[in-house]
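Each chain is listed here by its residues.
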Amino acid sequence: MSTNSSRATRGLGLELNQVQTDGCSELWLTLHNSTSRTLRNWVLHCDLLREIEPGQDTRILGRVGSHIRVTSSRHQDLTAGGSVTLCLLGAADLLQRHTDLPAGVFLVTGAETLPVTLACPQFPPRRQRTSTTPAVSPAAPSAVSPAGALVPPPARSSSLPGHCDWPASVTFAAVSAAAPAVAWLQHMLGQAWTPADSEDATLVFTLVDDFAQEQYRLQVMPGGVTVTASHAEGFLRAAASLLQLLDMRPPGRGDLSCQQIDDEPRHAYRGLMLDCARHFHSVDTLLELLDWMALYKLNYFHWHLTDDEAWRLEIKAFPQLTEAGAWRGHAEVLPPQLGSGAQRYGGYYSREDVTRVVNAAAARGICVIPEIDIPGHCRAAIASLPQLLCEPADISAYTSVQFFNDNVLNPGLPGTYAFLDAVLDEVCALFPGPYVHMGGDEVPAGAWTGSPACARLMASEGYSNTRDLQGHIMRVAQERLAARGRTLIGWEEVIESGSLDARTPVCAWTGAAAVSRIAASGHPVIGCPAPWAYLDMAWSADADEPGLYWAGTADLEQCFQHFSAQGELHAPLFGVQGNLWCELIDDREKLCYMLFPRLFAIAEWGWCGATGQDWPAFLQRSQQQHQLLAARGVHGRAVNA
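Residues numbered from 1 in each chain as written. Predicted model: local features only at pLDDT ≥ 70, side-chain atom pairs only at ≥ 80, totals over all residues. Heavy atoms only, no water.

Colleague: Explain helix α1 (residues 179-189) to me, and be specific about the residues and the numbers.
Modeller: Buried within α1 are the following residues: A181, V182, W184, L185, Q186 and M188. Against β11 (171-174), β13 (203-207), α2 (232-247) and α3 (283-295) lie the buried residues of α1. (Buried < 20%, exposed > 50% of the residue type's maximum accessible area, 1.4 Å probe, protein only. Helix = DSSP H or I, 4+ residues; strand = E, 2+ residues; numbered from the N terminus. Contact = heavy atoms within 4.5 Å.)

Colleague: Lay out helix α14 (residues 588-595) in plain terms, naming residues and giving numbers.
Modeller: Within α14, six of the eight residues are buried, which leaves the element mostly enclosed by the surrounding structure. Of the positions making up α14, those classed as buried are K590, L591, C592, Y593, M594 and L595. A distance of 3.2 Å separates the backbone nitrogen of E589 from a side-chain oxygen at the start of α14, and that oxygen is part of D587. (Polar contact = N/O pair within 3.5 Å; in protein donor to acceptor, adjacent residues only side chain to side chain.)

Colleague: Hey, could you go over the pairing of strand β16 (residues 255-263) for me, with residue numbers and the actual values?
Modeller: The buried fraction of β16 is high, at eight of nine residues. The pairing of strand β10 (residues 156-165) with β16 spans seven bridges and is antiparallel. Along β16, the bridge assignment pairs C164 with L256. Across five bridges, the pairing between strand β14 (residues 216-221) and β16 is antiparallel. Pairing of L218 across the sheet is with I261, part of β16. (Pairing = 2+ DSSP bridges.)

Colleague: Go over the pattern of salt bridges, please, and point to the residues and values.
Modeller: Scanning all chains against the criterion turns up 27 salt bridges. With its nearest N and O atoms 4.0 Å apart, the salt bridge here joins D284 to R356. Taken together, the residues span a long stretch of sequence, with D284 in helix α3 and R356 in helix α5 (residues 351-362) at a distance of 72 residues. Judged by its relative accessible area of 42%, R356 is partly exposed. Taken together, the shared-partner salt bridges connect D275, R278, D307, E309 and E583 into one network. (Salt bridge = Lys/Arg side-chain N within 4 Å of Asp/Glu carboxyl O.)

Take a look at the structure:
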């Protein structure tokens, strides 16, 4: 891939050119100064998600995560109207697509930061792309809205004769357990309904004793609609089906086809993980996300709140975590990352924000699982609380997958456990659900090897390997959560030491083999294999297509066929989950583009146990859902483009 940007007409501009030589890449960066000033002692700052080394006439002054600082090794001035060329070396095809380009570029000279223009295509892409997905025309709208058009499809359904005239002014009769479903339907439809006696109501919610938690029956009859369930969650899942049926009516038509739906999920756990640490997403966006989850019958919101790049949760015991750790910028404790730029960038969720999200989720039958990622992915916390979490004598040398060398909590320090106790106290007070996710992933080799405190802990506990220290800190976290009535969940690495309770749920993310291996160990498995369930992966190999691709690429058909072929992934699952990591996703538009339509396949995998074998029918349902979401202002990726 050869990538060029045009020279900025005013200010500073950066031109890129990539050259392949002998199995490696030379990335030439030409910095143009179109101002009337000569700039001295300058340093170029940018974010790059690639491993690089300095090339000709180039000096790398430092790297923290994605953020690098480079300058000329010849100490060249950047003269007015002139240019300077730098060179970075990397693996072959260092830049393969537009989302690989340097981001958040700026220049520092003295105490001044100056913006640098890098002309490149914007995200989402501005043109339709080619795809391996065959085009299938969506069904023409009709007055009949078969249950088979729902996403996910119901377990059992049957058509009945006749139609139900759905009035513009709806009356309803509901048992108390159905109150959340009634409120959510009115919210989603933008209507206010009138309560009435069941004999006169258009929509009636009735209670039975013997249905499972999310089981429901939905009957559309000429005289009205009846919903039957035993629990609030069952009424909410029925409401999602009814809302889809109402949305699928042709414009100007008020009638619904008569039918009966009997439905319940295959998996009790159907989750979606959103990373709010790499980029902050507003509470309003999260509330919308909960509506989308409810619409497609997902019931666990895994909220990734902390990572190397930011700490997003207000903790009263340690205000520094959000005073320092929630913000990035050239003058901040945390440097820019992932394109965030020189200026102060970030945000955090107050206790009031968390309460809003938790309550809104509960009103939609969704449980919120907070994630406090330890012992790796902790740079924001460590940088915010260095006196508590740093050991000056620690000379351990390591580099994480994301290029950090100071991001691992020290299990040998008393401050680490004081930190965990205070954080877990507040987390458990804020989040009433049964689970807290504690991460446990991607601790780099070399961590703790040069720590005197860890050496003392290993000697006292009889550990023979520093990797046993991960098991130690995770076991302490599990015990302290259990004392607070909570269950620890972790990524698949948490069980490598064998120190955790065999009942610990584990998110298996590296692939189908990990799902089977972890299930064989006896742990409850949440299947979220990266090649199909990581929604931050690119749709295709097109250089214009946004997304990462370290786990490959997957369009809608590939996601559907993988889930369909794997079924239970050769192992019984506790649940399934889609994961949306946000290294590249910093606003609602990008979030929608990456979530949909592939979230449909995950929703069906979770509800039905497998997506089935009928790809044309699934594609047609997805296209119809794409249109319905667009009508609600949710613009995902075009299904057949």
